[in-house]
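# An overview of the molecular structure
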Amino acid sequence: MADKGGFPHFMIKEIFEQPEGLRKTIAPRVSLEDGVVRLDTVHISAEELRALRRINIVASGTSRHAGMAGQYMIQELVNLPVDVDYASEFEYRNPLIGPGEITIVITQSGETADTTAAQREAKAKGSRTIAISNVVDSTIAREADGVLYTHAGPEISIASTKAFTAQMAVLFLFALYLGQVRGKLGKEQRKQYIRELLDLPGKVETILQSAADCEQMAAKFYKNDDFLYMGRAAHYPIAMDGALKLKETSYIHAEGYPTGESKHGPIAMIDENLPVVIIATCDRNDPGSVLRYEKNISNIRGFKQQGARVIAIGTAGDEQLRGLADHTIFVPEAPELLLPILEIVPLQLFAYYVAVRRGLDVDRPRNLVKSVTLE
Ligand code: BG6
């Protein structure tokens, strides 16, 4: 696994390995016919999970963006309050956590110093900890009460891609598991969600077939030095990670923002020199998603009036969006809370092709390391 397998860089190889990583992460943990999610490595009893009052999520970089998406998944499916923290800020917040809570530490490497320190602080305050890691027996995995491994395979490129989508899949599985244990999600609901989870790898494969469109888009935008990425609700973490991918690989100033917040400042920057990347997908079965979609369309009209070039991530078949945005990359339909796993793929491809166009060392960006093991 640790060679490039015919790809020019590890990053593009790992982007294309996402269907396999999702398959290996999801399939062994679900049974479609009886609608059951099995997470045997959580090692926290059902009664403890039923008594749970709150969940904290702590991570760094791309892993924290997975945690942000997980916050929406768990709060929506289980009605449990979830806080998400930067691992590097956790100690300064004097986190008011204790027994009866779980702290989920998300880390691809399982060795990040900030995240290790945060995990130790949470344990010292009496919180149970669950590690989501891509490296078996890593430090953070070993020190956790329970471990949920992503099975994305070795991730060599410094910019995290396949581990990220696998982390979000694990967080969704954990939300289903909590809903199952706490009686919030009935068997039919779980079966429907399990079916949608099992369909994800195929949907990512469909998106990967549009890689050439992302490359053509990169050819039009790679000289730009500023980008504004936007998303609402569970899509905001994806805007954040899309922007981080561009920062990490191309050294371009790219900022992720909640779309609704753009009127409080950022739109002052928007003109023909500031491309806007907006996530404007829609789950037609989710009234909240439809409402947010209408707001996104209105935002895009405003950005266009300000002269911006707009790149949109939309739901397959959305001709209104195609007619409105300058460039649209489509993802297949999926439930609102699973769309983030699909939406990040075109943004990963876009960042990769921009970096290649800029002639940069895509897999080893300057100043960065794969795991920051020193504070
Ligand atoms: C950074 C990596 O150093 O650490 C990012 O470049 C990563 O890709 C972040 O998201 C956190 O690393 P980990 O291993 O704790 O997920």
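What you see is a predicted model; the values in this text were computed from it and never measured.

### Topic: the pattern of salt bridges
All told, the structure shown has 20 salt bridges when counted by the stated rule. Ionic pairing is found between D225 and R358, a salt bridge with its closest N-O pair at 2.9 Å. Of this pair, D225 sits in the loop between α10 (211-221) and β8 (226-231) while R358 sits in the segment after α14 (339-357), and the two are 133 residues apart along the sequence. Close ionic contact of D361 with R364 constitutes a salt bridge, the shortest N to O distance being 3.4 Å. On the basis of relative accessible area, R364 is assigned to the exposed category, the value being 54%.

### Looking at the site of the ligand
Looking at the ligand, there are 14 residues lining it, with S63, T107, Q108, S109 and T112 nearest. At 2.9 Å from an oxygen atom of the ligand is found a main-chain nitrogen or oxygen belonging to T62. Here an oxygen atom of the ligand and a backbone polar atom of I158 are 2.9 Å apart. Coverage of the ligand by the protein amounts to 92% of the 390 Å² it exposes when considered alone. Top element by residues in the shell around the ligand is helix α4 (residues 61-78). It accounts for 3 residues. Looking at the shell around the ligand residue by residue, the class counts come to 3 nonpolar, 9 polar and 2 charged.

### Examining the sheet that holds strand β10 (residues 276-279)
Across the sheet, 5 strands lie side by side as β9-β8-β10-β11-β12; this open sheet has parallel pairing. Edge strands, defined here as strands with exactly one partner in the open sheet, are β9 (253-258) and β12 (327-331). Neighbour-to-neighbour, the strand axes of this sheet turn through a mean angle of 20 degrees, independent of strand direction. Sheet analysis places β8 next to β9, joined by 6 bridges and oriented parallel. Considered in β9, the bridge of Y229 is made with G256. Each of β8, β10, β11 (310-315) and β12 is contacted by α14, which is oriented at about 135 degrees to β12, the strand it contacts most.

### Let's talk about the sheet that holds strand β5 (residues 101-107)
Ordered in space as β4-β3-β5-β6-β7, the 5 strands form an open sheet in which the pairing is parallel. Strands with a single pairing partner mark the edges of an open sheet, and in this sheet they are β4 (82-86) and β7 (146-149). Strand-to-strand, the axes of this sheet are offset by a mean angle of 20 degrees, without reference to chain direction. Looking at chain direction, β5 and strand β6 (residues 128-133) are connected through 6 bridges and run parallel. The residue bridging I104 from the neighbouring strand is I130, located in β6. Seen against the sheet, α4 touches β3 (54-59), β4 and β5 and runs at an angle of roughly 175 degrees to β4. Of the strands in this sheet, β3, β5 and β6 are in contact with helix α6 (residues 113-124), which crosses β5 at around 170 degrees.

### Digging into the pairing of β4
Alignment of β3 against β4, held across 5 bridges, turns out to be parallel. Residue pairing across strands places V58 opposite D85, the latter belonging to β4.

### Quick word on the environment of A233
Along the polypeptide, A233 turns up in the loop between β8 and α11 (236-250). On the accessibility criterion, A233 (22% relative accessible area) is partly exposed. Residues A233 and M68, 165 residues apart in the sequence, show an inter-C-alpha distance of 9.6 Å.

### Examining the domain arrangement of the chain
The domain boundaries assigned to the chain delineate domain 1 (10-204) and domain 2 (210-357). Taken over C-alpha atoms, the centre of domain 1 sits 25 Å from the centre of domain 2. Summing both partners gives a buried area of about 2400 Å² for domain 1 against domain 2, and 80% of it is carried by carbon and sulfur. Looking only at domain 1, the three residues that lose the most surface to domain 2 are H65, Y72 and K203, adding up to 22% of its buried area. If you look at where domain 1 meets domain 2, you find 0 salt bridges. The interface formed by domain 1 and domain 2 holds 7 residue pairs in polar contact (both at pLDDT 80 or more) in total. Of all the elements in the fold, those that place two or more residues in the side of domain 1 that touches domain 2 are α1 (10-16), α2 (18-26), α4, α8 (162-181) and α9 (187-208). In terms of residues, the side of domain 1 that touches domain 2 owes the most to one element, α4, which gives 10 residues.

Definitions and limits used
- Residues numbered from 1 in each chain as written.
- Predicted model: local features only at pLDDT ≥ 70, side-chain atom pairs only at ≥ 80, totals over all residues.
- Heavy atoms only, no water.
- Salt bridge = Lys/Arg side-chain N within 4 Å of Asp/Glu carboxyl O.
- Helix = DSSP H or I, 4+ residues; strand = E, 2+ residues; numbered from the N terminus.
- Buried < 20%, exposed > 50% of the residue type's maximum accessible area, 1.4 Å probe, protein only.
- Near = heavy atom within 4 Å.
- Polar contact = N/O pair within 3.5 Å; in protein donor to acceptor, adjacent residues only side chain to side chain.
- Areas by Shrake-Rupley, 256 points an atom, 1.4 Å probe, with all protein chains shown as cover.
- Nonpolar A, V, L, I, M, F, W, Y, C, P; charged D, E, K, R; others polar.
- Pairing = 2+ DSSP bridges.
- Axes fitted to C-alpha atoms, helices over the stretch in contact; angles between N-to-C directions.
- Contact = heavy atoms within 4.5 Å.
- Domains from an automatic or database assignment.
- Buried area = accessible area lost by both parts, 1.4 Å probe.

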